[in-house]
Amino acid sequence: MLDRRSVLAAAGTALAAPRIGQAADATGITATEIRIGNTAPYSGPASAYGTIARCEAAYFKMVNEQGGIAGRKINFITYDDGYSPPKTVEQVRRLVEQDKVACLFQNIGTAANSAIVRYANQRKVPHLFIGSGADKWGNYQDTPWTIGWQPSYRTEAQIYTKHMLEQAPKARMALLYQNDDFGKDYVTGVRDILKDRFEAMVTTASFEVTDPTIDSQVLSLQATGAEVLLTAATPKSAAQAIRKVYDIGWKPALHFLTNVSISAGAVMIPAGGEKGTGIITSAYLKDPTDPTWRDDAGMQDWRAFMQRHYPEGDLTDAGNVFGHGIAATMVQTLRQCGRDLTRERLMQEAAHLKALDLAVLLPGIRVDTSPTNYHPIRQMQLARWTGTTWKRFGQVIEGATVS
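**Student:** Hey, could you run me through the nonpolar core in this one?
**Tutor:** Note on soluble globular proteins: their nonpolar side chains tend to be buried together. Counting residues in each nonpolar core, the largest one holds 94 residues, and the members touching the most others are Ile 34, Tyr 59, Phe 60, Phe 129, Trp 149, Val 190 and Tyr 284. With 26 residues, the next largest nonpolar core counts Ala 174, Leu 221, Leu 257 and Ile 262 among its residues.

Below, the structure is given as structure tokens:
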């Protein structure tokens with residue numbers, strides 16, 4: 001179990017809205033260093049996500065080896081929170097009050113970030129590019145020091161529901177979701193599209209992230225006769241759902257799976273590659289198992305990075321692609337700050353990322369932010385599991401959250 005990892009590296013991230021005053025806050029920033037704080041589930045029910053933070057640490061170390069950014073190197077301090085919100089609160093207070101970090105970066109988990117968002121905003125600590133696609137991280141009015149990174153879960157659910165209506169307009173949906181803000185965003189997204197048809201067309205079943213299995217929920221949903229299944233679960237429960245659906249002989253015409261649980265190495269293969277054949281998801285990152293990217297320059301750079309800086313990392317785990325992309329976004333934000341680095345400046349530059357093209361993003365997808373857009377990535381493309389990899393289909397889709 002990892003409690004603390006401290007890696008020197010240089011990078012940064014920020015948001016918009018806050019103004020630089022005469023007494024700008026440079027906590028955690030010196031002439032040669034910037035301290036960045038992170039929490040991740042190295043242990044617990046979502047420990048599959050631990051590799052993301054390990055990959056980020058490796059990325060920052062690489063940047064340091066290349067000379068850092070504007071003369072500074074990053075001291076990346078990361079603690080295990082076990083995917084437990086009370087532990088997240090404890091560790092974040094430690095990062096802010098004892099380690100004196102300049103910012104929080106990529107804290108993982110919707111519930112974890114929900115537990116610290118008010119604290120970060122009250123203390124005006126940049127809470128950057130967090131590891132959750134909850135739609136609320138785009139609320140720049142209420143939480144101006146917090147910004148997400150990945151596409152909104154709510155928008156993702158809207159896209160799945162639209163596809164269902166195109167392919168099977170009279171079908172009934174079974175919605176299996178984690179009972180927290182992460183899972184509930186999928187319920188909201190489906191309701192956005194179906195509106196007053198929701199109650200007649202959808203049956204829901206929730207589970208707690210600490211539940212040992214989701215077998216009973218899958219069985220109850222199968223009993224409804226639903227022709228479509230949407231699974232909104234983190235990796236452990238997602239793999240369980242895939243296996244259970246297959247083992248009981250349930251063959252929904254469409255099975256949608258949240259894009260936070262589509263790693264071939266962490267979810268699909270452990271669940272049994274053939275058991276998930278036909279599952280549909282939405283992607284915005286290049287899949288490391290997709291032969292399409294064998295000669296792609298961006299993924300060649302990623303593989304070279306992994307080989308040199310994170311050789312113990314799994315080359316089939318999409319979490320390592322995610323970690324690379326989000327760390328690169330942080331570094332770009334720091335570069336835009338230059339030497340004028342404060343907490344306020346970090347926030348401003350995080351909200352002024354323009355058409356940022358990352359090596360690991362799908363073609364046509366960019367990172368874009370503004371003072372009124374705290375959803376950096378809004379585009380996705382549908383993909384279907386073949387039994388060994390994800391195969392994309394259709395066009396890149398830009399979602400717009402229904403207000």
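Continuing now.
**Student:** It is not clear to me how the side chain of Lys 286 should be interpreted in this structure. Could you clarify?
**Tutor:** Locating Lys 286 in the fold gives a position in the loop between strand S10 (280-283) and helix H10 (297-309). Among the residues examined, Lys 286 registers a relative accessible area of 8% and is labelled buried. Within the structure, Lys 286 has its side chain in polar contact with the side chain of Asp 296 (distance 2.8 Å). In this structure, Lys 286 is in contact with Trp 293, Asp 296, Gly 298, Met 299, Val 321, Ala 359, Val 360, Leu 361 and Leu 362, ignoring residues within four places of it in sequence.

**Student:** In this structure, what is going on with the packing of aromatic side chains? I would like to understand it.
**Tutor:** How two aromatic rings sit relative to each other is set out by the distance from centre to centre and by the angle between their planes. With the rule as written, the count across this model stands at 12 aromatic pairs. Ring geometry for Phe 76 versus Phe 105: centroids 6.4 Å apart, planes at 65°, classification edge-to-face. Of the two residues, Phe 76 is situated in strand S3 (residues 73-80) and Phe 105 in strand S4 (residues 103-105); the sequence distance between them amounts to 29 residues. Among the residues examined, Phe 76 registers a relative accessible area of 0% and is labelled buried. Looking at Phe 105, the relative accessible area reads 0%, which means it is buried. Grouped by ring-pair contacts, the aromatic residues Phe 60, Phe 76 and Phe 105 constitute a single cluster. The ring of Trp 293 has Lys 286 lying over it, and the distance from NZ or CZ to the ring centre is 5.3 Å. In this structure, Arg 384 is placed above the aromatic ring of Phe 393, and the distance from its NZ or CZ to the ring centre is 4.4 Å.

**Student:** Would you explain helix H4 (residues 153-167) in this entry?
**Tutor:** Structural remark: α-helix, 3.6 residues per turn; residues separated by three or four positions point the same way. Between the first and last C-alpha of H4 there are 21 Å, a value that for 15 residues agrees with the 21 Å anticipated at 1.5 Å per step. Of all 15 residues in H4, 11 are buried, a share of seventy percent or more. Taken together, the buried positions of H4 are Tyr 153, Arg 154, Thr 155, Glu 156, Ala 157, Gln 158, Ile 159, Tyr 160, Thr 161, His 163 and Met 164. In this structure Ser 152 caps H4, since a side-chain oxygen of it lies 3.1 Å from the backbone nitrogen of Arg 154.

**Student:** Explanation requested: unusual backbone geometry in the structure shown.
**Tutor:** It is generally the case that most residues other than glycine have a negative phi and that most peptide bonds are trans. The backbone of Lys 124 sits at a positive phi, close to 55°, despite the residue not being glycine. Of note, Lys 124 is situated in the loop between helix H3 (110-122) and strand S5 (127-128). Located in the positive-phi region is Ala 355, a residue other than glycine, with phi close to 45°. Here Ala 355 lies in the loop between helix H12 (343-350) and strand S11 (379-385).

**Student:** Would you mind showing me how to read the state of the cysteines here?
**Tutor:** Disulfide: a covalent bond connecting the sulfur atoms of a pair of cysteines. In the structure shown here, the tally under the stated rule is 0 disulfides. The thiol of Cys 55 is unpaired, and the distance to the nearest cysteine sulfur, on Cys 103, comes to 18 Å. Free of any disulfide, Cys 103 has its nearest cysteine sulfur in Cys 337, 9.6 Å distant. In this structure Cys 103 comes out as buried when scored by relative accessible area, which is 0%.

Here is what the cut-offs are and how they apply
Residues numbered from 1 in each chain as written. Predicted model: local features only at pLDDT ≥ 70, side-chain atom pairs only at ≥ 80, totals over all residues. Heavy atoms only, no water. Core = buried A, V, L, I, M, F, W, Y, C linked by side-chain atoms within 4.5 Å. Buried < 20%, exposed > 50% of the residue type's maximum accessible area, 1.4 Å probe, protein only. Helix = DSSP H or I, 4+ residues; strand = E, 2+ residues; numbered from the N terminus. Polar contact = N/O pair within 3.5 Å; in protein donor to acceptor, adjacent residues only side chain to side chain. Contact = heavy atoms within 4.5 Å. Phe/Tyr/Trp six-rings, centres within 6.5 Å; stacked < 30°, edge-to-face > 60°. Lys NZ or Arg CZ within 6 Å of the ring centre and 35° of its normal. Expected span 1.5 Å × (residues − 1). Disulfide = S-S within 2.5 Å.

In short, shape yes, function no, at least from these values alone.
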